[in-house]
Amino acid sequence: MRVLLIGSGGREHALAVGLAADPSVEQLFAAPGNPGIAAVAELRDVQATDPAAVAALAVELAADLVVIGPEAPLVAGVADAVRAKGVACFGPSAAAAQLEGSKAFAKEVMTAAGVPTARAHACSTAEEVTAALTEFGAPYVVKNDGLAAGKGVVVTDSLTVAAQHASECGQVVIEEFLSGPEVSLFVVTDGTTAVPLMPAQDFKRVGDGDAGPNTGGMGAYAPLPWAPADLVDRVLAETVEPTLAEMRKRGVPFAGLLYVGLALTPAGPKVIEFNARFGDPETQVVLALLETPLAKLLHAAAAGTLADFPPLTWRDGSAVTVVIASHNYPGTPRTGDPIEGGEQPGVIHAGTARTADGTLVSAGGRVLSATATGADLAAARSAAYALVDSIKLEGSHHRTDIALAAVEGRITI
Ligand code: AMP
Ligand code: GLY
């Protein structure tokens, strides 16, 4: 089949590698792509959030499948426009993508579906904010009610900082703090059948030991040796199935990738957030272990035939990815620094670009992620950090403790 992948980040590079490895893919196109994706796909230029432009490109390329990576095109209705042209598309409709696009909508759906999640209040005035912060107490959790690329959430013990973030956002959701290790569970769905991928763990804070501000994600690993054996079944039964049923009942079936961000609290797994797309950088590790042909799987979801799809198969071992970020990220990142060692196997590009003379340079906050597999988590971790050490980017920084607590058996629920 001919596949068109939309997006230009690390998640899309990982998806591109997976799609290109599927023998059923005759030709892989990506738009707009990045220098890493260019190694496995033919790049086309398109405004990813322009529904008409993406749909026209899909028709021009005679694509059999369009895979939409990021949330912004989904919320903008790109999947709707592609499907309206009769092209199979992996990605939810704009209406269904509101599960990510609006935290208030997601909470409403979860409440109606009886999904375990943090208690929350949507607030738009300073009075409502003060009342909600007082009700839940510290640590305070204040979320911008819109797409914020993983950076719209402040978790703080300071009432002043919490109130300040709320006033800067306008419309916010304030919620109860959930304690416990976090898990990202990706579910491929056609709206009815749900196929869970392997749970992974992401590291949201910029610094070692979870210090500093939230980022888009600084590293990830899978599988989770410490996770309860019934975790996936439980989340499917308590969260995924009821949510998909509630979306169908509302006439907005969710078909695509449902990303369930969970906290494994003492009272069981509770939803921190839904996203309407693969997570970044968890996709890098999950797809490194997936053996099932990726394009076939995503096509079955797009075509509504997941019920007939064979069970997924996985490689043995573990995968770890470590993000290399630009100087000053997650503040305004410095860009344009040359990258050495950026073209090795396992190096996934996110914020990279090529200059006129062909030099690979940094072009964003999260520049690359070094991904490696190994017979066990310790081996995968060593291999990922060896790869990090072989990459040179001036002023860059990375966490040194990705997957360390899991390797040392320090994670408990
Ligand atoms: P979100 O964008 O909703 O995923 O939030 C980003 C990060 O903030 C999450 O990965 C958590 O680390 C943290 N967070 C969000 N909501 C909560 C909560 N209710 N309790 C504890 N931590 C939270
Ligand atoms: N890894 C977090 C996210 O993709 O939102």
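Small disclaimer: the values here were computed from a predicted structure and weren't measured.

S.K.: Looking at this structure, I do not really get the overall build of the chain. What am I missing?
M.R.: On a plain count of helices and strands, the chain comes out with 13 helices and 24 strands. Computed over C-alpha atoms, the radius of gyration of the chain comes to 20 Å, within 12% of the 22 Å expected from 2.2 N^0.38 for 413 residues, which places it in the range of a compact globule. Its C-alpha atoms put the chain at 55 × 50 × 40 Å along the principal axes. By residue count, 55% of the 413 residues in the chain fall in the buried class. Just so you have it, the chain exposes about 15,600 Å², and 53% of that area is on carbon and sulfur atoms. When the 27 positive and 45 negative side-chain charges of the chain are each reduced to one mean point, those points stand 1 Å apart.

S.K.: Explain the sheet that holds strand S6 (residues 120–123) here, please?
M.R.: Consider a sheet: its strands pair through backbone hydrogen bonds, and that pairing is either parallel or antiparallel. With antiparallel pairing, the four strands of this open sheet are ordered in space as S6-S9-S7-S8. Each edge of the sheet is formed by a strand with only one pairing partner; in this case those strands are S6 and strand S8 (153–156). For this sheet, the mean angle separating the axes of adjacent strands, direction not counted, is 20°. In the sheet, S6 pairs with strand S9 (residues 172–175) via four bridges, with the strands oriented antiparallel. Each bridged residue has a counterpart across the sheet, and for His121 the counterpart in S9 is Ile174. The sheet strands contacting helix H6 (residues 103–113) are S6, strand S7 (140–144), S8 and S9, and the helix crosses S9 at an angle near 50°. With respect to the sheet, helix H7 (residues 126–136) is in contact with S6, S7 and S9, its orientation differing from that of S6 by roughly 165°.

S.K.: Is there a simple way to think about the site of ligand 2 in this case?
M.R.: Every residue near ligand 2 is listed here: Asp202, Lys204, Gly216, Tyr259, Asn275, Arg277, Gly279, Asp280 and Glu282. Between ligand 2 and Asp202, the relevant distance is 2.8 Å, taken from a nitrogen atom to a side-chain nitrogen or oxygen of the residue. Within the side chain of Glu282, one N or O atom sits 2.7 Å away from a nitrogen atom of ligand 2. Residue composition of the shell around ligand 2, by class: one nonpolar, three polar and five charged.

S.K.: Quick question: what am I supposed to make of the confidence of the model for the chain here?
M.R.: When pLDDT is low, close inspection of the predicted coordinates is not appropriate. Averaged over every residue, the pLDDT of the chain is 96; the share at 70 or more is 99%. Mean pLDDT per element in the chain: S8 is the minimum at 90, and strand S4 (residues 65–68) is the maximum at 99.

S.K.: Could you clarify how one ought to interpret the packing of aromatic side chains in this entry?
M.R.: How two aromatic rings sit relative to each other is set out by the distance from centre to centre and by the angle between their planes. For the structure shown, the criterion picks out four aromatic pairs. Ring centres of Phe186 and Tyr259 lie 5.3 Å apart, and the angle between their planes is 40°; on these two criteria the pair is classed as tilted. Remark: Tyr259 occurs in strand S16 (residues 256–265) and Phe186 occurs in strand S10 (residues 182–189); sequence separation between them is 73 residues. The interplanar angle of 45° and the centroid separation of 6.0 Å between the aromatic rings of Phe203 and Tyr221 together place this pair among those described as tilted. With Phe203 in the loop between strand S12 (201–202) and strand S13 (205–207) and Tyr221 in strand S15 (residues 219–222), this residue pair connects regions lying 18 residues apart in the sequence. Overall, Phe203 belongs to the buried group, its relative accessible area being 11%. Three or more aromatic residues joined by ring pairs form one cluster here, namely Phe90, Phe186, Tyr259 and Phe278.

Reading the values: rules and limits
- Residues numbered from 1 in each chain as written.
- Chains lettered and ligands numbered in written order.
- Predicted model: local features only at pLDDT ≥ 70, side-chain atom pairs only at ≥ 80, totals over all residues.
- Heavy atoms only, no water.
- Helix = DSSP H or I, 4+ residues; strand = E, 2+ residues; numbered from the N terminus.
- Rg over C-alpha atoms; globule rule 2.2 N^0.38 Å.
- Buried < 20%, exposed > 50% of the residue type's maximum accessible area, 1.4 Å probe, protein only.
- Areas by Shrake-Rupley, 256 points an atom, 1.4 Å probe, with all protein chains shown as cover.
- Lys, Arg positive; Asp, Glu negative; His and termini not counted.
- Charge placed at Lys NZ, Arg CZ, Asp CG, Glu CD.
- Pairing = 2+ DSSP bridges.
- Axes fitted to C-alpha atoms, helices over the stretch in contact; angles between N-to-C directions.
- Contact = heavy atoms within 4.5 Å.
- Near = heavy atom within 4 Å.
- Polar contact = N/O pair within 3.5 Å; in protein donor to acceptor, adjacent residues only side chain to side chain.
- Nonpolar A, V, L, I, M, F, W, Y, C, P; charged D, E, K, R; others polar.
- pLDDT = per-residue confidence, 0-100.
- Phe/Tyr/Trp six-rings, centres within 6.5 Å; stacked < 30°, edge-to-face > 60°.

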